[in-house]
Amino acid sequence: MRVDLIGLSTFVEVIKDQAKAMDKAVDNAVVATANEIRNEAVKSINKQSRGEKTVKRGKKKHYISPEGGAPNTDGGTLVRSIQVTHLKGSQEAIVFSPLEYAAYLEFVLDRPWLEPATEGKEDLLRENILQFAKKALR
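Small disclaimer: the values here were computed from a predicted structure and weren't measured. Starting from 1, residues in each chain are numbered consecutively following that chain's sequence as written. The predicted nature of this model means local features are confined to residues of pLDDT at least 70 and side-chain atom pairs, given and counted, to a pLDDT of 80 or more, with totals for whole chains, interfaces and linings taken over all residues. Derived side-chain values reflect all non-hydrogen atoms in the structure, with water molecules and hydrogen atoms excluded from consideration.

Caption draft 1: Just the packing of helix α1 (residues 8–46) against helix α5 (residues 121–136), in detail. At a minimum axis separation of 8 Å, α1 and α5 run at an interaxial angle of 140°. When the axes of α1 and α5 are compared, the pair comes out oblique. The crossing of α1 and α5 is right-handed. Of the residues in α5, those in contact with A21, M22, A25, V26, N28, A29, V30, A32, T33, E36, I37 and E40 of α1 are K121, L124, L125, N128, I129, F132, A133 and A136. Each residue belonging to the contact of α1 with α5 can be placed in one class, and the counts come to 14 nonpolar, three polar and three charged. To get an axis, a line is fitted to the C-alpha atoms, and for a helix only the part in contact is used. The angle between two axes follows their N-to-C directions and goes from 0 to 180 degrees. The helix count covers DSSP runs of H or I at least four residues long, the strand count covers runs of E at least two residues long, and both are numbered beginning at the N terminus. The labels follow the angle: roughly parallel below 35 degrees, roughly antiparallel above 145, roughly perpendicular from 65 to 115, and oblique for the rest. Two helices cross in a left-handed way if the nearer one is turned anticlockwise from the farther one by less than a right angle. They cross in a right-handed way if the turn is clockwise. In what follows, residue pairs with any heavy atoms lying within 4.5 Å of each other are defined as contacts. Under the scheme applied, nonpolar residues are Ala, Val, Leu, Ile, Met, Phe, Trp, Tyr, Cys and Pro; charged residues are Asp, Glu, Lys and Arg; polar residues are all the others, including Gly.

Caption draft 2: Structural view of unusual backbone geometry. Residue Q91 is not a glycine yet carries a positive backbone phi of 60°. Along the chain, the position of Q91 falls in the loop between β3 (83–86) and β4 (93–96). The backbone of D110 shows a phi angle near 55°, a positive value even though the residue is not glycine. If you trace the backbone, D110 turns up in the loop between α3 (100–108) and α4 (115–118).

The analysis is restricted to geometry; functional conclusions fall outside its scope.
Written as structure tokens, this is what we have:
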């Protein structure tokens, strides 16, 4: 008995192309999710929450946010510093601020701005992967 497979190499190429498309879709979904985390962190800082304590910064009165809440924006430096880095094809993205006091606010002063922005984003990542995969495999 002899079996000849016709079109197997074409089929293998199609599968390889679809695998590449899926890798790219996941990569795009990771970046989209990281940008949403960044945007949510920015919103939380820009949303002023009045604590009981104030400090004078120049001529302005600055309200210190209550513990456990995101820091209040003052001059906007922290907000402007929040970045997303991504190496194309890595399926990884990092949301961060290079400012030294960013981590101090998050971990020492209990004014979290990044960790709360990441909460619940697993579902968003799944949704983004599905959305990008559907587009990629059309």
